[in-house]
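Observations on chain architecture
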Amino acid sequence: MTEAITQIRAKGLQTAVLSNNFYLPNQKSFLPLDRKQFDVVVESCVEGICKPDPRIYKLCLERLGLQPSESIFLDDLGPNVKAAASLGIHTIKVNDPETAVKELEALLGFTLRLGVPNTQPVRKTMEIPKDSLKKYLKDLLGIQTTGPLELLQFDHGQSNPTYYISLANRDLVLRKKPPGTLLPSAHAIEREFRIMKALANAGVPVPNVLDLCEDSSVVGTPFYVMEYCPGLIYKDPSLPGLEPSHRRAIYTAMNTVLCKIHSVDPQAVGLEDYGKQGAYIPRQVRTWVKQYRASETSTIPAMERLIEWLPLHLPHQQRTTLVHGDFRLDNLVFHPEKPEVLAVLDWELSTLGDPLIDVAYSCLAHYLPSSFPVLRGFNDCDLTQLGIPAAEEYFRMYCLQMGLPPTENWNFYMAFSFFRLAAILQGVYWRSLTGQASSAHAEQTGKLTEFVSNLAWDFAVKEGFRVFKEMPFKNPLTRSCHTWARSQSQWYPIGTRSYSSVPEASPAHASRGGLVISPESLSPPVRELYHRLKRFMEQHVYPAEPELQSHQASAARWSPSPLIEDLKEKAKAEGLWNLFLPLEADPEKKYGAGLTNVEYAHLCELMGTSLYAPEICNCSAPDTGNMELLVRYGTEAQKARWLMPLLEGKARSCFAMTEPQVASSDATNIEASIREEDSFYVINGHKWWITGILDPRCQLCVFMGKTDPHAPRHRQQSVLLVPMDTPGIKIIRPLTVYGLEDAPGGHGEVRFEHVHVPKENMVLGPGRGFEIAQGRLGPGRIHHCMRLIGFSERALALMKARIQPPTAEGREQERGLRRPCFHWSCRVKSRVAFGKPLVEQGTVLADIAQSRVEIEQARLLVLRAAHVMDLAGNKAAALDIAMIKMVAPSMASRVIDRAIQAFGAAGLSSDYPLAQFFTWARALRFADGPDEVHRATVAKLELKHRI
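Here the structure is a predicted model, which is why all the values come from computation and not from measurement. (Residues numbered from 1 in each chain as written. Predicted model: local features only at pLDDT ≥ 70, side-chain atom pairs only at ≥ 80, totals over all residues. Heavy atoms only, no water.)

**Quick look at the overall build of the chain**
To keep it simple, the criterion reads: In this description a helix means any DSSP run of H or I spanning at least four residues, a strand means any run of E spanning at least two, and both kinds are numbered starting from the N terminus. Exposed residues in this analysis have more than 50% of their type's maximum accessible area, buried residues have under 20%, and partly exposed residues fall in between, with area computed by a 1.4 Å probe over protein chains only. Contacts are residue-level and defined by heavy atoms, with any inter-residue pair within 4.5 Å sufficient. Residue-level accessible areas treat just the shown protein chains as cover; the underlying method is Shrake-Rupley with a 1.4 Å probe.
From N to C terminus, the chain includes 29 helices and 23 strands. Across the 947 residues of the chain, 55% fall into the buried class. Across the chain, contacts joining residues at least 24 apart in sequence account for 70% of those joining residues at least 6 apart. Accessible surface computed for the chain: about 41,200 Å², of which carbon and sulfur atoms make up 53%.

In structure tokens:
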């Protein structure tokens, strides 16, 4: 409009502004315009009249000295335009400035726009030498001219500076790398040139490229030249000023040309080596993480969460095609008069890869607001009224043209696309700080990176704002944020051995997209697994507890109970084996049941109602943590030697980290040494509280020690796999917890004296120990906390059974007519104290109520932590994991203590599991870190992120 006003006044015509403005507190009128552009300024706050009052229009005409028929009035509000028209004034309703300028040109009879659309004078920081460029072009084009070289800069684009050139009646475009130090592999204009040249005869509309010049002496950086393609570039994806049918046709043409790109045979056009085959998405994630890190200027929490989340939720890639990499509306040149794409621009990010990246990226505008300054959107507009296809319809259109079924992982593609956009914006901002960015508004993008990364995170956590909720397909899209919807045959190739005895893989379902707080809300397969486990506990585990407890107190206690081994075989037969491995650690379900952390949390709580059930189902610590460590970080040889026997239940293991001489709550304090010597590592150290090391079945010790005391604090430690039969391992003594030995595994104090371990037993490599330990602890802490809730539930149930009058079921149990459930004592009877049944004692009732509340609170917090781990990964769930470690052991101690109080002296005995429950609950306030460490973690994260 400013350009139009300049042209109008250059023709000798007058301009006026008619404003409904107001006074500021300093009594000056608010009118943020350059008044020098106008011959007359009429302000409502000065005149006391507002549009659409006809008097203000007449006042303006008087000051211009014009009749209504001699004037043209432009406004974006219908009532204002209608009032002007009623006076005989020519009117234009402004929905879009460019369209309004066209209408104004038609009324005036002359053009109001100068030069080439979307260009501006070259900015000083982007100037290039004209003389050397002119000489180069004359040689390239074979022309002789003494005329001037006209050079303008295109005003859009954030990556490679792009220029319009006019020389000897030739209209050209030059696209170059920006100056200065560039991010690795960015600004690949060579690739742009190559692909456009290759696609020239492949049915994809591209500009005619002329030459690639890699000689930086010409304009300062490498560049290529192509012919200028006149046409329309729609910067605003809402397409203001167009009819709804025209808008729809534009998006249909956009979709069609994308299908053309994805239908090109790379080999036929000589692009078979244009990118690597397969694993495109993992490479893209790594690339953009690397690009973001290279331009990072501050910590953005959402980006950190995405960097953790994306690699854990990679979709299964089905197709490899040419991909544009930055396919959106403003990278297309349209015919001025019909909805036809004349040219696809900006191929910098093109490669061979997953075509759905392009489809998702072209839908970004559907989820961005119209006020977004860099890449406008229309999520705040009525798409039906606009005529623009919704994202789901646009995607269906693509699938139909390509003959493809809809994808089940759409939310991942959207999350990644917004993550990549955030990384791009961060790169633009970084370049603006060094004066290299091609856009005059690049510095503003620094404020937008966090907004876009939060939007990406919303797609990950909130399942893509219900994208494609009602797709009219026979097989509707799965809206899960994870990649779990796989059939059994897809996950298990023929001949692959599975160590999970669950008969079927659980399909994608509600629990994987939302927090499931009740076992009855689990998916049907997992719910059936839960009830199968419950029946197994009631029929086999609880009845066996007295015999198992007697064995633990017998002279044979340091040998495994034959009954335990028998129950293990029964658990395997019923599909209740190796349930613990989270799906993200074992996406192919080679080793476990493929449950999410939330799903397993419900089963883990149920197993926690018995001290023996976790081992019976091969889900007990420390084996679970060690098995997950091997799955995540072990080599194939390490897995074959150690993981398989552990998964099969033929061996047990321990984890040696805690040391008596240092505060081992800080893992960086450990002093045990790991010294390199020839083809071995030599271990020396003093460890204690090594759970499970006394078990005769213990074959593996996962040992943590220092390989380099002079390295950075968190790179000094390493993890070694130490066979228990290695010479130099000396068990000093068993340790008791409140007098309990926890046979046969126990807790040992051990010396490692010149223990030689082969170098191939190192996990990941030297200096990775702290990283491994942190990766191991997250799921383990969830497991401990859910088992503690199981302890608490059983303690509360025993307490209620203790104080209530016997029921018919209880009397049958006393007579031995029914198998007892876990909450029934064999001596259930009504208890009376001080002339009143316990059930009527107010303090006991208060204890029951308080226990129920505390259990429910803790369970919700633990399930939330498991949910965050499923969606975002263990690192992103650090705060939630720290909170449950603060809450669950203390809660369990209080609940169990109340139950002991209700039982009186019997609660202290081994007749009931309460004493052992209490002992474990108290010990777990140290295990995996003491309360003080977790409180400090919560406080630090609270202060860092929640002020």
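**Focus: the nonpolar core**
This is how it is decided: What we call a nonpolar core is a set of buried Ala, Val, Leu, Ile, Met, Phe, Trp, Tyr and Cys residues that are connected through their side-chain atoms within 4.5 Å.
Counting 194 residues, the largest nonpolar core has Phe418, Phe419 and Leu914 as the members making the most contacts within it. Leave out the neighbours within four places in its chain, and phenylalanine 419 touches Trp288, Val289, Met303, Leu306, Ile307, Leu310 and Ala456. In this structure, Cys698, Leu720, Val750 and Phe752 belong to the second largest nonpolar core, which totals 21 residues.

**Digging into the sheet that holds strand 6 (residues 150–154)**
Quick reminder of the rule: Paired strands, as defined in this entry, are two strands with at least two bridges between them according to DSSP. The axes are straight lines fitted to the C-alpha atoms, using for helices just the contacting stretch, and the angles between their N-to-C directions are given from 0 to 180°.
The sheet built from six strands is open, its strands ordered 5-6-7-8-10-9 with antiparallel pairing. The sheet terminates laterally at strand 5 (119–120) and strand 9 (209–213), the two strands that pair on one side only. Bridge analysis of strand 7 (residues 162–167) against strand 8 (residues 170–176) gives six bridges, and the strand direction is antiparallel. Along strand 8, the bridge assignment pairs tyrosine 163 with leucine 174. Lying on the sheet, helix 7 (residues 189–199) is in contact with strand 8, strand 9 and strand 10 (223–227); it crosses strand 9 at an angle near 150 degrees.

**With respect to the confidence of the model for the chain**
Applied cut-off: Per-residue confidence from the predictor is reported as pLDDT, a score between 0 and 100.
Across the chain, pLDDT averages 83, with 86% of residues at or above 70. Long-range and interchain partners of residues 463–513, a stretch whose pLDDT sits below 50, account for 129 contacts in this model, where long-range means more than four residues apart. Low confidence marks residues 809–829, where pLDDT is under 50. Its contacts with residues over four positions away, or in another chain, come to 37 contacts.

**Things to note about the packing of aromatic side chains**
Just so we agree on the cut-off: Here a Phe, Tyr or Trp ring, Trp counted by its six-membered ring, pairs with any other such ring whose centre lies within 6.5 Å, and the pair is stacked when the planes are under 30 degrees apart, edge-to-face when over 60, and tilted otherwise. Placement of a charge over a ring requires the Lys NZ or Arg CZ to be within 6 Å of the ring centre, with the centre-to-atom vector within 35 degrees of the ring normal.
With the rule as written, the count across this model stands at 18 aromatic pairs. Considering the side-chain rings of tyrosine 57 and phenylalanine 73, the 5.3 Å spacing of their centres and the 75 degrees angle between planes classify their relative orientation as edge-to-face. Within this pair, whereas tyrosine 57 is found in helix 3 (residues 54–64), its partner phenylalanine 73 is found in strand 3 (residues 72–75), the two being separated by 16 residues in sequence. Between tyrosine 164 and tyrosine 228, the aromatic rings sit 5.4 Å apart at their centres with planes inclined by 80 degrees, giving edge-to-face as the arrangement. Residue tyrosine 164 is found in strand 7, and its partner tyrosine 228 is found in the loop between strand 10 and helix 8 (244–263); the two are separated by 64 residues along the sequence. When sorted by exposure, tyrosine 164 lands in the same class as tyrosine 228, which is buried. Linked through ring pairs, Trp309, Phe412, Tyr413 and Trp457 together constitute an aromatic cluster. The cationic tip of arginine 420 hangs over the ring face of tyrosine 361; the distance from NZ or CZ to the ring centre is 4.3 Å. When the ring centre of phenylalanine 703 is taken as origin, the NZ or CZ atom of lysine 687, which lies over that ring, is 4.9 Å away.

**Digging into the state of the cysteines**
Disulfide: a covalent bond formed between the sulfur atoms of two cysteine residues. Here is the rule we go by: Cysteine sulfurs are considered disulfide-paired once they come within 2.5 Å of each other.
For the structure on display, the rule yields zero disulfides. Here cysteine 617 is not cross-linked by a disulfide; its sulfur's nearest cysteine counterpart is in cysteine 619, at 5.7 Å. In this structure cysteine 617 comes out as buried when scored by relative accessible area, which is 1%. Summary of cysteine pairing: cysteine 701 is not part of a disulfide, and the nearest cysteine sulfur, belonging to cysteine 654, is at 3.7 Å. The exposure class of cysteine 701 is buried, given its relative accessible area of 0%.

**What about the environment of leucine 141?**
Within the secondary structure, leucine 141 is located in helix 6 (residues 130–141). Separated by 29 residues in the primary sequence, leucine 141 and arginine 170 have C-alpha atoms spaced 9.3 Å apart. Apart from residues no more than four positions distant in its own chain, leucine 141 is found in contact with Arg170, Leu172 and Leu210.

**Thoughts on the side chain of aspartate 326**
The cut-off we apply is this: We call two N or O atoms a polar contact when they sit within 3.5 Å, provided that within protein one can donate a hydrogen and the other can accept it, with sequence-adjacent residues counted only if both atoms are side-chain atoms.
Turning to its location among the elements, aspartate 326 is positioned in the loop between strand 11 (321–323) and strand 12 (332–334). Taking relative accessible area as the criterion, aspartate 326 reaches 7% and is therefore assigned buried. Separated by 3.5 Å, the side chains of aspartate 326 and tyrosine 361 make a polar contact. If sequence neighbours within four positions are ignored, aspartate 326 has contacts with Asn331, Asp346, Leu349, Asp358, Tyr361 and Arg420.

**Points about the pattern of salt bridges**
Quick reminder of the rule: Every case where a carboxyl oxygen of Asp or Glu lies within 4 Å of a side-chain nitrogen of Lys or Arg is listed as a salt bridge.
What the rule picks out here adds up to 48 salt bridges. With a shortest N-O distance of 3.1 Å, arginine 898 and glutamate 854 are connected by a salt bridge. Of this pair, arginine 898 sits in helix 27 (residues 878–903) while glutamate 854 is found in helix 26 (residues 842–872), placing the two residues 44 residues apart along the sequence. As far as the burial class goes, arginine 898 and glutamate 854 line up, both buried. Linking arginine 859 and glutamate 856 is a salt bridge whose minimum nitrogen-to-oxygen distance equals 3.0 Å. In this pair, arginine 859 and glutamate 856 both sit in helix 26, three residues apart, roughly one turn of the helix.

**Some details on the packing of helix 22 (residues 623–633) against helix 23 (residues 636–648)**
Rules: Should the near helix be turned anticlockwise from the far one by less than a right angle, the crossing is termed left-handed; should it be turned clockwise, right-handed.
Interaxial distance between helix 22 and helix 23 falls to 10 Å at its minimum, and their mutual angle equals 145 degrees. Read as a crossing pair, helix 22 and helix 23 show a hand that is left-handed. Residues Asp623, Met627, Leu630, Val631 and Tyr633 of helix 22 lie in contact with helix 23, whose contacting residues are Gln638, Lys639, Trp642, Leu643, Leu646 and Leu647.

**Structural notes on the side chain of asparagine 597**
As for its position among the elements, asparagine 597 is in helix 20 (residues 597–607). Overall, the relative accessible area of 3% leaves asparagine 597 in the buried class. Setting aside chain neighbours within four positions, we find asparagine 597 in contact with Pro582, Glu584, Ala866, Met869 and Asp870.

**Structural notes on helix 6**
We apply this condition: Multiplying 1.5 Å by the residue count of a helix minus one yields the expected span of that helix. An arc is given here, and it is the one of the directions from the helix axis to the C-beta atoms.
Spanning 12 residues, helix 6 covers 16 Å between terminal C-alpha atoms, matching the ideal 16 Å at 1.5 Å per step. Of the residues making up helix 6, those classed as buried are Leu133, Lys134, Tyr136, Leu137 and Leu141. What you see down the axis of helix 6 is that its buried residues fit within an arc of 165 degrees, all on one side. Opposite its buried face, helix 6 presents the exposed residues Asp131, Lys135 and Asp139, each directed more than 90 degrees away. Summarising the contacts, the buried residues of helix 6 are in contact with strand 6, strand 7, strand 8, strand 9 and strand 10. With its phi angle positive at about 70 degrees, glycine 142 sits one or two positions after the end of helix 6.

**With respect to the packing of helix 18 (residues 524–552) against helix 20**
As a reminder of what qualifies: Any angle from 65 to 115 degrees is called roughly perpendicular, while one under 35 is roughly parallel, one over 145 is roughly antiparallel, and all others are oblique. Residues were grouped as follows: Ala, Val, Leu, Ile, Met, Phe, Trp, Tyr, Cys and Pro as nonpolar; Asp, Glu, Lys and Arg as charged; and all remaining residues, including Gly, as polar.
Running from N to C, helix 18 and helix 20 cross one another at 10 degrees; their axes reach a closest spacing of 10 Å. Between helix 18 and helix 20, the angle is such that the two are roughly parallel. When helix 18 is examined against helix 20, the residues Val526, Leu529, Tyr530, Leu533, Lys534, Met537 and Tyr542 are found in contact with a partner set consisting of Glu599, His602, Leu603, Leu606 and Met607. Classifying every residue of the contact of helix 18 with helix 20 by side-chain character gives nine nonpolar, one polar and two charged.

**Let's talk about the pairing of strand 21 (residues 747–758)**
Alignment of strand 17 (residues 680–691) against strand 21, held across nine bridges, turns out to be antiparallel. The residue of strand 21 that forms the bridge with isoleucine 690 is glycine 748. Pairing between strand 20 (residues 729–735) and strand 21: six bridges, direction antiparallel. Counterpart to leucine 735 in the pairing with strand 21 is histidine 747.

**Quick word on unusual backbone geometry**
That bond from alanine 621 to proline 622 is cis: its omega, 0 degrees, falls within 30 degrees of zero. In the segment running from alanine 743 into proline 744, the intervening peptide bond is cis, with an omega of 5 degrees. On the secondary structure map, proline 744 appears in the loop between strand 20 and strand 21. Non-glycine residue asparagine 578 carries a positive phi angle of around 55 degrees. Positionally, asparagine 578 belongs in the loop between helix 19 (562–573) and helix 20. Backbone geometry places aspartate 678, a non-glycine residue, at a positive phi of 55 degrees. Inspection of the secondary structure assignment puts aspartate 678 in the loop between strand 16 (673–677) and strand 17. For aspartate 678, a relative accessible area of 67% gives the class exposed.

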